[in-house]
Amino acid sequence: MSLTNPWREFSALNPPAPLLVGTVAAISGGVATITLPGGGVLRARGTATVGQRFYVRDGRIEGPAPTLTYVTGEA
(Lines give C-alpha, C1' and ligand atoms only; values in the text may rest on other atoms or scores of the structure.)
Protein backbone atom coordinates (compact mmCIF):
# COMPACT_ATOMS: atom_id res chain seq x y z
CA MET A 1 0.00 0.00 0.00
CA SER A 2 1.40 3.38 -1.02
CA LEU A 3 0.69 6.42 1.13
CA THR A 4 0.56 9.84 -0.47
CA ASN A 5 1.32 13.16 1.13
CA PRO A 6 -1.68 15.46 0.57
CA TRP A 7 0.42 18.59 1.16
CA ARG A 8 2.91 17.58 -1.56
CA GLU A 9 0.08 16.87 -3.97
CA PHE A 10 -1.48 20.26 -3.20
CA SER A 11 1.88 22.08 -3.51
CA ALA A 12 2.52 20.45 -6.88
CA LEU A 13 -0.54 22.32 -8.25
CA ASN A 14 1.24 25.67 -7.82
CA PRO A 15 3.67 26.84 -10.51
CA PRO A 16 7.33 26.96 -9.51
CA ALA A 17 8.74 30.29 -8.30
CA PRO A 18 10.18 32.39 -11.14
CA LEU A 19 13.94 32.80 -11.58
CA LEU A 20 14.76 36.51 -11.38
CA VAL A 21 17.94 38.47 -12.08
CA GLY A 22 18.99 41.55 -10.15
CA THR A 23 21.89 43.65 -8.91
CA VAL A 24 22.81 43.62 -5.23
CA ALA A 25 22.43 47.14 -3.81
CA ALA A 26 23.21 46.39 -0.14
CA ILE A 27 23.85 43.57 2.31
CA SER A 28 22.83 43.61 5.97
CA GLY A 29 22.82 40.66 8.36
CA GLY A 30 23.14 38.07 5.60
CA VAL A 31 20.20 39.49 3.67
CA ALA A 32 20.86 41.18 0.33
CA THR A 33 18.70 43.97 -1.07
CA ILE A 34 18.42 43.33 -4.80
CA THR A 35 17.28 45.79 -7.46
CA LEU A 36 15.50 44.21 -10.43
CA PRO A 37 15.88 45.59 -14.00
CA GLY A 38 12.29 46.91 -14.01
CA GLY A 39 12.92 48.95 -10.85
CA GLY A 40 11.53 46.53 -8.27
CA VAL A 41 13.38 45.73 -5.08
CA LEU A 42 13.46 42.46 -3.15
CA ARG A 43 15.41 40.86 -0.33
CA ALA A 44 17.07 37.48 -0.48
CA ARG A 45 19.36 35.33 1.65
CA GLY A 46 22.65 33.97 0.43
CA THR A 47 26.23 34.87 -0.34
CA ALA A 48 26.48 37.97 -2.50
CA THR A 49 28.69 40.95 -3.32
CA VAL A 50 27.41 44.50 -3.63
CA GLY A 51 27.26 45.65 -7.26
CA GLN A 52 27.18 42.16 -8.81
CA ARG A 53 24.24 40.49 -10.56
CA PHE A 54 22.71 37.32 -9.17
CA TYR A 55 19.94 34.85 -9.93
CA VAL A 56 17.25 34.90 -7.24
CA ARG A 57 14.37 32.49 -6.68
CA ASP A 58 11.93 32.29 -3.79
CA GLY A 59 13.96 34.57 -1.47
CA ARG A 60 17.28 32.79 -2.04
CA ILE A 61 20.31 33.78 -4.07
CA GLU A 62 21.03 30.90 -6.45
CA GLY A 63 24.25 32.09 -8.05
CA PRO A 64 25.98 34.75 -10.11
CA ALA A 65 24.32 36.00 -13.29
CA PRO A 66 26.11 37.40 -16.33
CA THR A 67 26.26 41.16 -16.75
CA LEU A 68 24.24 41.82 -19.89
CA THR A 69 22.51 44.89 -21.27
CA TYR A 70 18.81 45.02 -20.39
CA VAL A 71 16.70 45.66 -23.49
CA THR A 72 12.93 45.99 -23.82
CA GLY A 73 11.01 45.97 -27.04
CA GLU A 74 7.53 46.44 -28.35
CA ALA A 75 5.85 44.43 -31.05
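Thresholds, definitions, all that
- Residues numbered from 1 in each chain as written.
- Predicted model: local features only at pLDDT ≥ 70, side-chain atom pairs only at ≥ 80, totals over all residues.
- Heavy atoms only, no water.
- Helix = DSSP H or I, 4+ residues; strand = E, 2+ residues; numbered from the N terminus.
- Rg over C-alpha atoms; globule rule 2.2 N^0.38 Å.
- Buried < 20%, exposed > 50% of the residue type's maximum accessible area, 1.4 Å probe, protein only.
- Areas by Shrake-Rupley, 256 points an atom, 1.4 Å probe, with all protein chains shown as cover.
- Lys, Arg positive; Asp, Glu negative; His and termini not counted.
- Charge placed at Lys NZ, Arg CZ, Asp CG, Glu CD.

> Lay out the overall build of the protein chain in plain terms, naming residues and giving numbers.
Each helix and strand counted, the protein chain has one helix and five strands in total. Tracing the protein chain from N to C terminus, the helices and strands come up as α-β-β-β-β-β. For a compact globule of 75 residues, the expected C-alpha radius of gyration is about 11 Å, and the protein chain comes in at 16 Å, more than 25% above that figure. Across its three principal axes, the protein chain shows a C-alpha extent of roughly 55 × 45 × 20 Å. Burial statistics for the protein chain: of 75 residues in total, 20% are counted as buried. Accessible surface, the protein chain: about 5900 Å² in total, of which carbon and sulfur atoms supply 56%. Between the centroid of the 6 positive side chains of the protein chain and the centroid of its 4 negative side chains there is a distance of 10 Å.

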